[in-house]
Amino acid sequence: MIVWVNGAFGSGKSTLVDELRPRWPEALIYDPEMVGYVLREIVEVPTGDFQDLRLWRRQVADLAVGLVEEYRRPVLVPMTLVNPGYVGEIFGVLTDAGIDVHHFFLKVSREVLEQRIEGRSFTPDNPEQDEKVRDWCKDKIAPCMAAADTLPSDTVFLDGELTPQELADVVLARVGAAASR
């Protein structure tokens, strides 16, 4: 089983997964951004977004399938993924492999997203780069919010302004996982 936690940057994807982890200890955490960081060290990313690399999408899907098949454990994936073609490509591979995909999307107001992004430090030792990353994240808010209407019909939309504990309760109930407190 894959539990994909989607939403705009600053919506609380990683925070929710961090809340789920101790309550669902058998689950693995897989962050596809790591695949992007590796690829950036090897090849140029002409658009600046590693999701535009076909190899990134292929590797993300293949590694997710491998984790489920090899370890037979649920996998939690905190990753913004809103391009309908990319969603279809990655989720199609997962579905074709016989993996149950539970897709959650955290809906958060633009104002809250901007506040959360402004409050984060991505590269503390490089304030100029930090500001560039924050600007990039804020530039992606509108496309992420608009993409909510294009996501698969079985996507579960959650109020990303609920507490992480409340969100984790909903996710665990939806996927049928036994929560340990």
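To be clear, the structure that these remarks concern was listed above.
Residues numbered from 1 in each chain as written. Predicted model: local features only at pLDDT ≥ 70, side-chain atom pairs only at ≥ 80, totals over all residues. Heavy atoms only, no water.

A. Inspection of the packing of helix α1 (residues 13-23) against helix α8 (residues 164-175) at higher detail. Between α1 and α8, the shortest axis-to-axis distance is 9 Å and the interhelical angle comes to 65°. Two packed elements cross with a definite hand, and for α1 against α8 that hand is right-handed. Contacts between α1 and α8 pair T15, L16, E19, L20 and R23 from the former with P164, Q165, L167, A168, D169, V171 and L172 from the latter. Partitioned by chemical class, the residues of the contact of α1 with α8 number seven nonpolar, two polar and three charged. (Axes fitted to C-alpha atoms, helices over the stretch in contact; angles between N-to-C directions. Helix = DSSP H or I, 4+ residues; strand = E, 2+ residues; numbered from the N terminus. Left-handed = near helix turned anticlockwise from the far one by under 90°. Contact = heavy atoms within 4.5 Å. Nonpolar A, V, L, I, M, F, W, Y, C, P; charged D, E, K, R; others polar.)

B. Geometry of a nonpolar patch on the surface. On the surface, V38, I42 and V43 cluster together into a nonpolar patch covering about 280 Å² of accessible area. Examined against the element boundaries, V43 turns out to sit in the loop between α2 (33-42) and α3 (54-71). (Patch = residues over 30% accessible without salt bridge, like charges linked within 9 Å, V, L, I, M, F, W, Y side chains within 5 Å. Areas by Shrake-Rupley, 256 points an atom, 1.4 Å probe, with all protein chains shown as cover. Salt bridge = Lys/Arg side-chain N within 4 Å of Asp/Glu carboxyl O.)

C. Highlighting the packing of α2 against α3. In the contact formed by α2 and α3, the axes pass within 10 Å of each other and the chain directions differ by 135°. Taken together, the axes of α2 and α3 are oblique relative to one another. Crossing handedness for the pair α2 and α3: right-handed. Counting all contacts with α2, which are made through V35, G36 and L39, the residues of α3 involved are L55, W56, Q59, V60 and L63. Counted by class, the contact of α2 with α3 contains six nonpolar, two polar and no charged residues. (Parallel < 35°, antiparallel > 145°, perpendicular 65-115°, else oblique.)

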